[in-house]
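Given next are the chains, with one letter for each unit.
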Amino acid sequence: MTPAPAPTAFILDLDGVVTDTAVQHEAAWRRMLEDRGLPFRHDAYERTRGRSRADSLRVLLDGHEVDEATFETMLAEKNARYVEALDHLSLRDLLPGVLDLLLAAEARHWKVAVGSSSRNAALVLDRIGVTDLFDAVADGSSGAPKPAPDIFLAAARMLDVEPAACVVVEDGGPGVDAGLAAGMRVIGVGPADRVGHAHVRVDTTSELVLDTLDPAIAAATPGTVAAGNGAG
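Residues numbered from 1 in each chain as written. Predicted model: local features only at pLDDT ≥ 70, side-chain atom pairs only at ≥ 80, totals over all residues. Heavy atoms only, no water.

Student: What is the right way to read the overall build of the protein chain from this model?
Tutor: In terms of helices and strands, the protein chain carries 10 helices and six strands. Across its three principal directions, the C-alpha atoms of the protein chain cover 55 × 35 × 30 Å. Among the 232 residues that make up the protein chain, the fraction classed as buried is 48%. In the protein chain, the proportion of contacts linking residues at least 24 apart, taken out of those at least 6 apart, comes to 61%. (Helix = DSSP H or I, 4+ residues; strand = E, 2+ residues; numbered from the N terminus. Buried < 20%, exposed > 50% of the residue type's maximum accessible area, 1.4 Å probe, protein only. Contact = heavy atoms within 4.5 Å.)

Student: Even after reading the chapter, I still don't get the packing of aromatic side chains, so can you show me in this structure?
Tutor: Given two aromatic rings, one states the distance between the centres and the angle between the planes to describe the pair. Throughout the structure, instances matching the rule amount to two aromatic pairs. Both rings, one in F40 and one in Y45, keep their centres 6.1 Å apart while their planes meet at 40°; by these two values the pair is tilted. Classification of Y45 by relative accessible area gives buried; the value is 9%. Above the plane of the ring of Y82 lies K78, whose end atom (NZ or CZ) is 4.6 Å from the centre. (Phe/Tyr/Trp six-rings, centres within 6.5 Å; stacked < 30°, edge-to-face > 60°. Lys NZ or Arg CZ within 6 Å of the ring centre and 35° of its normal.)

Student: Looking at this model, I keep getting lost on the environment of T131. Mind explaining?
Tutor: Mapped onto the fold, T131 is located in the loop between α6 (121-128) and β3 (136-138). Residue T131 is classed as partly exposed on the basis of its relative accessible area, which comes to 38%. Residues within four places of T131 in sequence aside, it is in contact with A122, L125 and D126.

As structure tokens, then:
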């Protein structure tokens, strides 16, 4: 069997890995739904992690039916509220450990991309002030949403790196599934019941220390997880 290529690129999810705009997302969804007299349930919102905007709305509607035109209007209203809230982002909104991870990757001459279902990914990076630290941004316009591998495969093409040499960092189960389906190594950030099927798992982004993770990353077989893997 041909050995897997050494990793030479990171593909990072945006929300929950690079930054956390969950508060802005939740407030935008809540206001949009409640303005229409519809209930907002936090437990349903929690299930939207890693999903596209349209899939998230389907979850939040929880069986409430709306016509296609109304559905599209609701998506646009939510996005407008969310984008308005992004004006207040700054470098302080990078999650702990992320800047050090980006600098460590740069020191090794690894390429780095964002692979996010959000179509606002580039705008978020710009508002935080870290656009120059990324070589590419693959967003929700890059293909089918996670757990399909499209977004991560698009990021690999943008970086001109083969999928098996890419390391995905994800905090959502669908994102871990997408990274595995793309034939990549995957680091999961969060609890085992959510991302435990990743090759490597850490509890928080502050544990994304490249020198510490090196052995586990190198030992992982891209795209597959051996029984018992996923615990950090």
